[in-house]
Amino acid sequence: MSEQQRQHVSAFADGEIDPALVHATVSALESSAGLGELWEHYHLIGAAIRSEPVREEYRRIAAQVSQRIAEEPDIMPKPAARPVRISRLAPFVGIALAASAAFFAVFAVPQLFSPGSDAPVVPSRQAGLAPPKQFLLSSPTQRWHVNEPALENKLDRFLVNHQEQSPATGVKGFLPYATLVGYEARR
Amino acid sequence: MKHGDSLFVADTRTPCRRYFSSHSVTSCRLLLLSLVALCCTHATASGRTPEELLARMSDALRSLSYEGTIVYLYESNLETLRIVHRVEDGQVQERLVSLNGPLRTLTRENGRVTCELSDSHPISIRGHGVGKDVLHARALDPEALSDNYEVHPLGAARVAGRQTDVVGIIPQDDLRYGYRFYLDQDSGLPLKSDLIGQLTDPIEQVMFTSLRLLPSQKSPSATGSAPAPPQGSRSHPRSLVPASLPWHFDSLPSGFIPVMHDNWHDTGGQLAEHFVLSDGLASVSVYVESDPQGGLEGDTRIGAIHAAGRRVAGHQVTVVGEVPLQTVEAVLAGIRKGREERP
């Protein structure tokens, strides 16, 4: 495994490879176990950077692709043997197929193996236990701590008017209104 | 061994310390004390005096347009607010929106303050009533506050990525809160305000986490320096309340005097007599309603703002303000109807 091959695999994993190098890189991945491991490592690192959960499916991805392809039933009947005719377009078709395979390996396969965002969240083994009190979300309650909405409303009006008429309101700037708007009593 | 006995023990100090223990130490100490005193009473990180910083703060709040995100910390709760403050043609437009929890907004525009709080009817108040020009536009005058507060430079700090000078307004008793303002060295805006009570930790903190200064439309009324208090009234706030009113205050918390009286029309046409009492910085409002529909009996609060109410001579009296509970209770206890009545 050369340094150049490493760079190509890295660029391939990042989706930034020069299209002209796709064919050679796919061939190298197929033939080199070391490069295959490197390919897996790059995917794991990418998942970690994106804060994605590291799924078991990300491991040995190349082997799984091979296995899945091998397990696919032959849907189309095998064509009758025909004389081999080598087209002048054959090299380009090969490159296109290789690029398709690479696209499949990079983008489609992870979708096949990962549960996806719509998959149900696996419940915690301790879901039946109530979380400790200090972890519970506090719920808003009456701002003035009195159980009379009309009185609370009146106190709010008194306060807004007070803030607006008070001598130092302008001097204290946004502070009085930050209290008025920001305060939310908690239960 | 007594403290003074150390004068007679063998001198084991380093040559350097022995040098400073010579007769020149007295002049050195005097010099140091003078420098420290100078720093503590006048100098700030930007070289401005606390008086200059407070005047700049007033000017900045009156003239600058800005927008930003504010965090508000109280009782271990953290709230985020979005503020947009514009000054155009001398008029302030301000919008404050809570970004956490139930939506709460406050808008100051076209001479009105409109407030929508959670689980509450919208509130719309006519802004800046009687005495506004006299009382509101004035810069904070440390000399006028000197009976009840001390103003100190507290050093420098970095807030929202900007350098600030820190000024403390320290109360001399428990009847009012103290403030710590972190003032932007470039613009003069307060980027952080700490409300300080008797405990070590601030009661409330309000701080910009991001600030963007907007182009300001220059206007003489908006950008001129905040008017200084008129000569002869610098030492104490002056009462602007006529003595002929049917309500008066027998006793008030130290430093507080009535500075404003108005007949305030509450929602639905309810009329209330409205007094504002101030010590020059802190203030409380007293509302006297002759025909109240529900009134506060006892005391309550939101954050550092306290309210207390009771019936006095057949009227509902409610006191509200950003002061400690004992202050609103003292104001409430001091109000009388007429000159002869006693509770």
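As the structure is a prediction and not an experimental result, all values here were calculated from the model.

Cut-offs used in this document
- Per chain, the residues get numbers from 1 upward, laid out in the order the sequence is written.
- Key to labels: chains lettered from A, ligands numbered from 1, both in the order written.
- In keeping with the predicted nature of the model, local features appear solely for residues at pLDDT of at least 70, side-chain atom pairs appear and are counted solely at 80 or more, and the whole-chain, interface and lining totals rest on all residues.
- Derived side-chain values reflect all non-hydrogen atoms in the structure, with water molecules and hydrogen atoms excluded from consideration.
- The helix and strand labels rest on DSSP assignments: H or I over at least four residues marks a helix, E over at least two residues marks a strand, and numbering proceeds from the N terminus.
- Here's how the labels work: a residue is buried when its accessible area is under 20% of the maximum for its type, exposed when over 50%, partly exposed in between, all with a 1.4 Å probe on protein chains only.
- Contact definition: two residues touch when any of their heavy atoms are within 4.5 Å.
- Note that accessible areas follow from Shrake-Rupley with a 1.4 Å probe, and for residues the cover is restricted to the protein chains shown.
- Within this analysis, the arc is defined by the directions that extend from the helix axis to the C-beta atoms.
- Nine residue types can take part in a nonpolar core, namely buried Ala, Val, Leu, Ile, Met, Phe, Trp, Tyr and Cys, and a core is a set of them joined through side-chain atoms within 4.5 Å.
- DSSP bridges decide pairing: two strands pair if at least two such bridges lie between them.
- Helix axes are fitted only over the stretch in contact, all axes being lines through C-alpha atoms; the angle between N-to-C directions runs from 0 to 180 degrees.
- As a working definition, buried area equals the accessible area (1.4 Å probe) given up by two parts on being put together, with both sides summed.
- Every case where a carboxyl oxygen of Asp or Glu lies within 4 Å of a side-chain nitrogen of Lys or Arg is listed as a salt bridge.
- By the criterion applied in these results, polar contacts are pairs of N or O atoms within 3.5 Å in which, for protein atoms, one can donate a hydrogen and the other can accept it, and in which residues neighboring in sequence qualify only through two side-chain atoms.
- Polar here means any residue outside two lists: the nonpolar Ala, Val, Leu, Ile, Met, Phe, Trp, Tyr, Cys and Pro, and the charged Asp, Glu, Lys and Arg; Gly therefore counts as polar.
- pLDDT measures how confident the predictor is about each residue, on a scale from 0 to 100.
- Multiplying 1.5 Å by the residue count of a helix minus one yields the expected span of that helix.
- To pair, rings of Phe, Tyr and Trp, with the six-membered ring standing in for Trp, must have centres within 6.5 Å; the planes then decide the type, stacked if under 30 degrees apart, edge-to-face if over 60, and tilted in the middle.

### Regarding the overall build of chain B
In terms of regular secondary structure, chain B is built from seven helices and 19 strands. Counting every position in chain B, which comprises 343 residues, the buried fraction comes to 46%. Long-range contacts, defined here as pairs at least 24 residues apart, represent 47% of the contacts in chain B between residues at least 6 apart. In the form shown here, chain B has an accessible surface area of approximately 16900 Å², with 53% of it arising from carbon and sulfur atoms.

### Some words on the overall build of chain A
When helices and strands are counted, chain A shows eight helices and zero strands. Helices (α) and strands (β) of chain A occur, in sequence order from the N terminus, as α-α-α-α-α-α-α-α. By the burial criterion, 36% of the 187 residues in chain A qualify as buried. Partitioning the contacts of chain A with sequence separation of at least 6, the portion at a separation of at least 24 is 54%. When the accessible surface of chain A is totalled, it reaches about 12300 Å², and 59% of it is carbon and sulfur.

### Things to note about helix α1 (residues 3-13) of chain A
Residue and element names in this part refer to chain A. Val9, Phe12 and Ala13 are the residues of α1 that are buried. What you see down the axis of α1 is that its buried residues fit within an arc of 95°, all on one side. Residues of α1 that are exposed and point more than 90 degrees away from the buried face comprise Glu3 and Gln4.

### Points about the nonpolar core
A general tendency of soluble globular proteins is for nonpolar side chains to be buried together. Among the nonpolar cores identified, the biggest contains 79 residues, and Trp144(A), Ile169(B) and Val286(B) are the most heavily contacted of them. Not counting residues up to four positions away in its chain, the partners in contact with Trp144(A) are Glu152(A), Leu155(A), Asp156(A), Leu159(A), Thr300(B), Arg301(B), Ile302(B), Ile305(B), Ala307(B) and Val320(B). Grouped together as the second largest cluster of nonpolar side chains are ten residues, Phe12(A), Ile17(A), Val22(A) and Ala28(A) included.

### As for the sheet that holds strand β9 (residues 178-184) of chain B
Residues and elements named next belong to chain B. Pairing is antiparallel in the open sheet, where eleven strands are placed in the order β6-β5-β4-β3-β2-β1-β11-β10-β9-β8-β7. Of all strands in the sheet, those with a lone pairing partner are β6 (123-126) and β7 (149-159), marking the two edges. The average angle at which neighbouring strand axes cross in this sheet is 15°, direction not considered. In terms of strand pairing, strand β1 (residues 65-74) meets strand β11 (residues 204-214) through ten bridges, oriented antiparallel. The residue of β11 that forms the bridge with Gly68 is Leu211.

### Notes on the interface of chain B and chain A
At the junction of the two partners, chain B supplies 74 residues and chain A supplies 38 residues. With both sides pooled, the region where chain B packs onto chain A buries about 5000 Å², and carbon together with sulfur makes up 64% of that total. Where chain B touches chain A, the interface holds three salt bridges. Ionic pairing is found between Arg108(B) and Glu164(A), a salt bridge with its closest N-O pair at 3.8 Å. For the pair chain B and chain A, the number of links is 14 residue pairs in polar contact (both at pLDDT 80 or more). The leading source of residues in the side of chain B that touches chain A is strand β15 (residues 283-289) of chain B, at five residues. Among the residues making up the side of chain B that touches chain A, the classes are represented as 37 nonpolar, 25 polar and twelve charged.

### Details of the confidence of the model for chain A
Looking at chain A, pLDDT values average 67 and 43% of them are 70 or higher. Mean pLDDT across the elements of chain A ranges from a minimum in helix α5 (residues 90-113) of chain A, with 55, to a maximum in helix α6 (residues 149-165) of chain A, with 88.

### Quick look at unusual backbone geometry
Phi at His145(A) is positive, roughly 60°, even though this residue is not glycine. Take His145(A): it is sitting in the loop between α5 and α6.

### Thoughts on the sheet that holds strand β16 (residues 298-302) of chain B
Taken in spatial order, the six strands line up as β13-β14-β15-β18-β17-β16 (chain B) in an open sheet, and their pairing is antiparallel. Looking at strand neighbours, the two that pair on one side only are β13 (257-265) and β16 of chain B, the edges of this open sheet. Across the sheet, the mean angle separating the axes of adjacent strands is 20° when strand polarity is ignored. Pairing geometry for β16(B) and strand β17 (residues 305-312) of chain B, over five bridges, is antiparallel. Across the sheet, the residue bridging to Thr300(B) is Ala307(B), located in β17(B). Seen against the sheet, α6(A) touches β13, β14 (271-278), β15, β16, β17 and β18 (315-321) of chain B and runs at an angle of roughly 130° to β15(B).

### Quick notes on α6(A)
For α6(A), which comprises 17 residues, the first-to-last C-alpha distance of 24 Å matches the rise-based estimate of 24 Å (1.5 Å per residue) to within 8%. Within α6(A), 15 of the 17 residues are buried, which leaves the element mostly enclosed by the surrounding structure.

### Re the packing of aromatic side chains
Inspection of the entire model under this criterion finds eight aromatic pairs over all chains. For the pair Phe158(A) and Tyr287(B), a centre-to-centre distance of 3.9 Å together with 5° between the ring planes defines the contact as stacked. Of the two residues, Phe158(A) is situated in helix α6 and Tyr287(B) in strand β15; the pairing between them involves two chains. Ring geometry for Tyr72(B) versus Tyr74(B): centroids 4.8 Å apart, planes at 25°, classification stacked. One exposure class covers both Tyr72(B) and Tyr74(B), and it is buried. Each member of the aromatic cluster is reached from another via a ring pair, and the members are Phe158(A), Trp264(B) and Tyr287(B).

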